[in-house]
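Structure at a glance
The primary structure of each chain is shown beneath.
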Amino acid sequence: MLEPLRQGLPPTDPSGVAGSASCALPARYEAVGGARKFTRTTLERWELGERFDDVALVVSELVTNALRHALPADPPREFQDPPVRLHLMRWSSRLVCAVRDPSRESPVAGEAADSAESGRGLFLVECVSDSWGWHPSPAPAGELPSGPLYGKVVWALFRLPEGVKSGQ
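One structure accompanies this document, and this report is about it. In this text, all values refer to a predicted model and were calculated from it rather than measured experimentally.

**Quick notes on the pattern of salt bridges**
For the structure shown, the criterion picks out three salt bridges. Two residues, Arg40 and Glu44, come together in a salt bridge whose shortest N-O distance is 3.9 Å. Note that Arg40 and Glu44 are positioned in helix α2 (residues 31-45) at a spacing of four residues, about one turn of the helix. Judged by its relative accessible area of 39%, Arg40 falls in the partly exposed class. Look at Glu44 and you get partly exposed, because its relative accessible area is 48%. A salt bridge links Lys152 to Asp101; its shortest N-O distance comes to 3.0 Å. Residue Lys152 is found in strand β5 (residues 151-159), and its partner Asp101 is found in strand β3 (residues 94-101); the two are separated by 51 residues along the sequence.

**Re the nonpolar core**
Core analysis: the largest hydrophobic core is formed by 31 residues, its most contacted members being Leu25, Val59, Leu62, Val63 and Leu86. Of all the secondary-structure elements, those providing two or more residues to this core are β1 (17-25), α2, α3 (52-70), β2 (84-91), β3, α4 (121-128) and β5. With nine residues, the single largest contributor to this core is α3. Each residue touching Leu62, except ones within four places of it in the same chain, is listed here: Cys97, Val99, Leu122, Val125, Val154, Trp155 and Ala156. Among the nonpolar cores identified, the runner-up in size contains seven residues, and Ala98, Val153, Trp155 and Leu157 belong to it.

**Quick word on α2**
Counted at 1.5 Å a residue, the expected span for α2 with its 15 residues is 21 Å, and the 21 Å between its end C-alpha atoms agrees. Of the positions making up α2, those classed as buried are Ala31, Val32, Ala35, Phe38, Thr39, Thr42 and Leu43. Across the axial projection of α2, the buried residues extend over an arc of 125 degrees, all falling on one side. Just past α2, the residue Glu47 takes up positive phi, approximately 60 degrees.

**Observations regarding the environment of Glu126**
Counting through the fold element by element, Glu126 comes out in helix α4. Relative accessible area serves as the criterion here: at 48%, Glu126 is assigned to the partly exposed category. Considering only alpha carbons, one finds Glu126 and Ala156, 30 residues apart in sequence, at a separation of 8.2 Å.

**Considerations on the side chain of Ser60**
Relative to the assigned elements, Ser60 resides in helix α3. Those residues in contact with Ser60, other than ones at most four positions away along the chain, are Val32 and Arg36.

**Points about the environment of Ala156**
Mapped onto the elements of the fold, Ala156 is located in strand β5. Not counting the four nearest positions on each side in its chain, Ala156 is found in contact with Val58, Leu62, Leu95, Val96, Cys97, Val125, Ser129, Ser131 and Trp132.

About the cut-offs
Residues numbered from 1 in each chain as written. Predicted model: local features only at pLDDT ≥ 70, side-chain atom pairs only at ≥ 80, totals over all residues. Heavy atoms only, no water. Salt bridge = Lys/Arg side-chain N within 4 Å of Asp/Glu carboxyl O. Helix = DSSP H or I, 4+ residues; strand = E, 2+ residues; numbered from the N terminus. Buried < 20%, exposed > 50% of the residue type's maximum accessible area, 1.4 Å probe, protein only. Core = buried A, V, L, I, M, F, W, Y, C linked by side-chain atoms within 4.5 Å. Contact = heavy atoms within 4.5 Å. Expected span 1.5 Å × (residues − 1). Arc of directions from axis to C-beta.

By themselves, these are just geometric observations and shouldn't be taken as functional.
Structure, rendered in C-alpha cells:
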C-alpha cells in the first residue's frame, strides 16, 4: 500500500518508522465519529495529540468521501464487511492518513458553489495537509478482488517538526 506514496517524496529511513495503526469502518455515516475517536486515541499514544484537529478534519473528509462516493448502492456479497479501512502511519518526520475503499474511481476535487453545503472536502484536505494523493489498491490479503485492482487508497501527509518524540 505504501510504495506509491513513497514515490516522489524524500527518502524515509526505515529506522524512523515509529508506528502504524489501522481500523475497519462499517458502511454507515456513524463510522466517521468512530474514525475520529480512533485517530484521537492513536495520536495521543504517539504523543501527537496537538495535531488532532488538523488530522481529524482530514480523516473525517476522507472517510466521508469513501462512504458517500466509493461504496456501491447495493454492495455485492463478496465484499467483506466493512469495505472501508483507515490507516494511520507515523515516521519520525511525517504522519500519513490513508483511507482504502472498494471504488476504482479517482477522487475529484470539485468546485462547489458558494451556497453548497458539500463538495469542498478535498479542498479542505489540500489546505490542511502538506500533500495528498491517491493510488489504485490491490486486494488486501485474504479478500477476493473484483478485478485486477480492488479499489483505491486516498492519503494525506502531514510533516512533523524535527525533534518530535516518536511515541509508541
